[in-house]
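# Per-entry structural report
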Amino acid sequence: MSVHLSIGQAYAWSVFKPPLESAMHLSGTESALPFQLGIVMLGLSAAFGGTLVERNGPRWAMTVALVCFSSGFLLSALGAATGQFWLIVFGYGFVGGIGLGIGYISPVSTLIKWFPDRPGMATGIAIMGFGGGALIASPWSAQMLESFGADSSGIALAFLVHGLAYAVFMSLGVLLVRVPRTEGAPKAGVPAPLEGVQVSARSAVRTPQFWCLWLVLCMNVTAGIGILEKAAPMITDFFKDSGTPVSISAAAGFVALLSAANMAGRIGWSSASDLVGRKNVYRLYLGVGAVMYLLIARFGDSSKPLFIGCALVILSFYGGGFATVPAYLKDLFGTYQVGAIHGRLLTAWSTAGVLGPLIVNRVADSQEAAGKHGQDLYGLSFTIMIGLLVVGFVANELIRPVHARHHIPAPREATDDAAADRRQSA
């Protein structure tokens with residue numbers, strides 16, 4: 001939780017977008033680059049580092065995450081102070097993004113080993129922290145920008161404070177994490193960690209189930225991140241011409257609400273998946289999510305409660321999708337290398353981290369250039385999101401149990417086979 005609450009600051013990036021655009025004369029698409037690169041590096045570092053996390057343990061992973069994530073903020077502070085936006089992109093996006101990826105997957109396989117009978121709830125509790133990071137970071141960042149100023153020097157100082165504070169908080173995770181002992185028989189009614197179907201990471205990526213689930217996650221994340229990355233300016237645009245426009249502080253409060261929904265969805269929906277099944281929960285995420293986008297596109301500017309309510313539901317599904325997917329992987333591929341498989345699956349997040357902000361920002365910029373404003377800036381992008389959710393829904397329906405040819409022998413069977421080979425050789 002201490003690590004995920006820290007790296008979850010990424011979801012509060014939209015608070016920094018307007019000040020950066022003003023101070024450095026950036027477009028909405030340009031100001032999204034640090035966030036986009038951060039999500040890309042999250043997926044890539046998780047994919048390439050997943051096996052290392054399994055091999056070296058969660059404490060090593062959390063230490064790497066701490067160093068990279070905090071260093072990213074310090075480099076960004078230097079970039080803001082010197083007016084070098086590329087340094088913010090490199091620091092927050094590239095270096096900090098590596099910390100995001102390694103830190104994100106650090107608890108997954110450990111938690112499933114601690115709680116093999118409730119994998120959805122176990123991973124949901126920790127990953128809930130990632131969704132709730134912006135609940136802390138959004139008002140905290142807004143307050144710092146108000147106190148330090150929204151110019152380059154104020155942004156730099158805010159980045160510096162973030163980097164130092166998160167280094168201290170993440171160190172708690174490094175000191176506290178433990179891996180469960182494996183000696184002794186499992187308790188009655190609790191499955192052993194390696195019981196049932198087991199598939200290696202190398203074999204998993206060769207199965208259609210992996211790529212269907214990759215597509216499911218990518219579509220769900222694209223739909224959620226499209227709102228999340230541009231949340232503060234989006235709600236401001238929707239109600240700019242109404243009788244009750246949204247202030248900067250209220251927009252920051254909206255980001256915090258989205259973070260709360262994201263956080264609640266991670267523990268609530270993932271826990272529900274232990275009872276109703278992973279496929280059924282993803283049917284809810286993708287099907288009802290499409291309906292929520294349709295309601296915002298048609299009626300969002302006529303009612304603030306409707307706009308906020310639909311956005312909260314979408315973000316709860318977005319968070320729930322992240323928290324449920326490790327348990328979905330465990331159901332399909334077992335616990336043998338679930339951390340490494342999870343890391344490879346998060347390349348879907350990298351793709352979505354580019355697609356979601358690119359679709360929303362590029363469409364909004366082009367519509368604004370065409371003279372449109374308010375809700376009209378987002379109508380086309382929301383229609384695209386509905387189509388992507390339908391694609392994800394179909395992919396979820398295609399997921400079936402993994403074929404036996406991809407299974408590895410159970411540990412005891414593998415030991416018996418090896419002993420038989422030795423006897424035959426003797």
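Quick caveat, the model's predicted, so the values are computed rather than measured.

What follows concerns the packing of aromatic side chains. The tally for this structure, following the rule as stated, stands at 29 aromatic pairs. Centre to centre, the rings of W13 and F159 are 6.3 Å apart; their planes meet at 0°, and the pair counts as stacked. Remark: F159 occurs in helix α9 (residues 152-176) and W13 occurs in the loop between α1 (2-7) and α2 (17-24); sequence separation between them is 146 residues. Classification of W13 by relative accessible area gives buried; the value is 1%. The class for F159 is buried, based on a relative accessible area of 0%. Sitting over the face of the ring of F239, K304 holds its NZ or CZ atom 5.7 Å from the ring centroid.

Let us look at unusual backbone geometry. Unusually for a residue other than glycine, H25 sits at a positive phi of about 60°. Within the fold, H25 resides in the loop between α2 and α3 (28-31).

Right, let's get into the packing of helix α5 (residues 58-82) against α9. With their axes 7 Å apart at the nearest point, α5 and α9 run at an angle of 170° to one another. Relative to α9, the element α5 lies roughly antiparallel. Of the residues contributing to the contact of α5 with α9, the split by class is 19 nonpolar, 8 polar and 1 charged.

Our next topic: helix α12 (residues 231-238). The buried count for α12 comes to 7 of 8 residues, which makes it a mostly enclosed element. Among all positions in α12, only A231, A232, P233, M234, I235, D237 and F238 are buried. In this structure, the buried residues of α12 make contact with α11 (208-228), α13 (248-276), α14 (278-299), α15 (304-333), α17 (347-369) and α18 (379-397).

What follows is about the environment of V246. Relative to the assigned elements, V246 resides in the loop between α12 and α13. Among the residues examined, V246 registers a relative accessible area of 15% and is labelled buried. In this structure, the C-alpha to C-alpha distance between V246 and I235, residues 11 residues apart in sequence, is 7.1 Å. In contact with V246, not counting residues within four places along its chain, are I235, T236, F239, A251 and K304.

With that out of the way, let us pick up the confidence of the model for the protein chain. Across the protein chain, pLDDT averages 85, with 92% of residues at or above 70. Across residues 188-193 the pLDDT falls below 50, and counting only partners more than four positions away or on other chains, this stretch makes 7 contacts in the model.

Pairing between side chains of opposite charge can happen when their charged atoms approach one another. On inspection of all chains with the given rule, the structure shows 5 salt bridges. Taking the shortest distance from any N to any O, the salt bridge between K240 and D237 comes out at 3.6 Å. Classification of D237 as buried rests on a relative accessible area of 13%. Look at the salt bridges and you will find they share partners, linking D274, R278 and D331 into a network.

This brings us to the side chain of T222. Relative to the assigned elements, T222 resides in helix α11. The class of T222 is buried, set by a relative accessible area of 0%. In this view, T222 contacts A352, L355, G356, I359, M385 and L388; residues no more than four positions away in its chain are not counted.

Right, let's talk about the environment of V199 for a bit. Its place among the elements puts V199 in the loop between α9 and α10 (201-204). Setting aside its immediate chain neighbours within four residues, V199 contacts A204, L332, F333, Y336, I341, V402, H406 and H407.

What follows is about the packing of α11 against α15. Where α11 contacts α15, the two axes come as close as 9 Å, and the packing angle between them is 165°. Taken together, α11 and α15 sit at an angle that is classed as roughly antiparallel. In this structure, α11 crosses over α15, and the sense of that crossing is left-handed. Together, Q209, F210, L213, L217, N220, V221, A223, G224, I225, I227 and L228 of α11 and I314, L315, F317, Y318, G321, F322, V325, Y328, L329, L332 and F333 of α15 make up the contact between the two elements. Taken together, the residues of the contact of α11 with α15 break down into 18 nonpolar, 4 polar and no charged.

Another aspect to go through is the environment of A32. The residue A32 is located in the loop between α3 and α4 (33-56) in this model. Of the residues examined, A32 reaches a relative accessible area of 0% and is grouped as buried. With 325 residues separating them along the chain, A32 and P357 place their C-alpha atoms 7.0 Å apart. With residues near it in sequence (within four places) discarded, A32 still touches W13, K17, E229 and N361.

A surface patch of nonpolar side chains, amounting to about 390 Å² of accessible area, comprises L74, F148, L157, L160 and L164. Among the elements that make up the nonpolar patch, the one with the highest residue count is α9 (3 residues). When you line up the elements, L157 lands in helix α9. A relative accessible area of 36% means that L157 is categorised as partly exposed.

Rules and cut-offs
- Residues numbered from 1 in each chain as written.
- Predicted model: local features only at pLDDT ≥ 70, side-chain atom pairs only at ≥ 80, totals over all residues.
- Heavy atoms only, no water.
- Phe/Tyr/Trp six-rings, centres within 6.5 Å; stacked < 30°, edge-to-face > 60°.
- Helix = DSSP H or I, 4+ residues; strand = E, 2+ residues; numbered from the N terminus.
- Buried < 20%, exposed > 50% of the residue type's maximum accessible area, 1.4 Å probe, protein only.
- Lys NZ or Arg CZ within 6 Å of the ring centre and 35° of its normal.
- Axes fitted to C-alpha atoms, helices over the stretch in contact; angles between N-to-C directions.
- Parallel < 35°, antiparallel > 145°, perpendicular 65-115°, else oblique.
- Nonpolar A, V, L, I, M, F, W, Y, C, P; charged D, E, K, R; others polar.
- Contact = heavy atoms within 4.5 Å.
- pLDDT = per-residue confidence, 0-100.
- Salt bridge = Lys/Arg side-chain N within 4 Å of Asp/Glu carboxyl O.
- Left-handed = near helix turned anticlockwise from the far one by under 90°.
- Patch = residues over 30% accessible without salt bridge, like charges linked within 9 Å, V, L, I, M, F, W, Y side chains within 5 Å.
- Areas by Shrake-Rupley, 256 points an atom, 1.4 Å probe, with all protein chains shown as cover.

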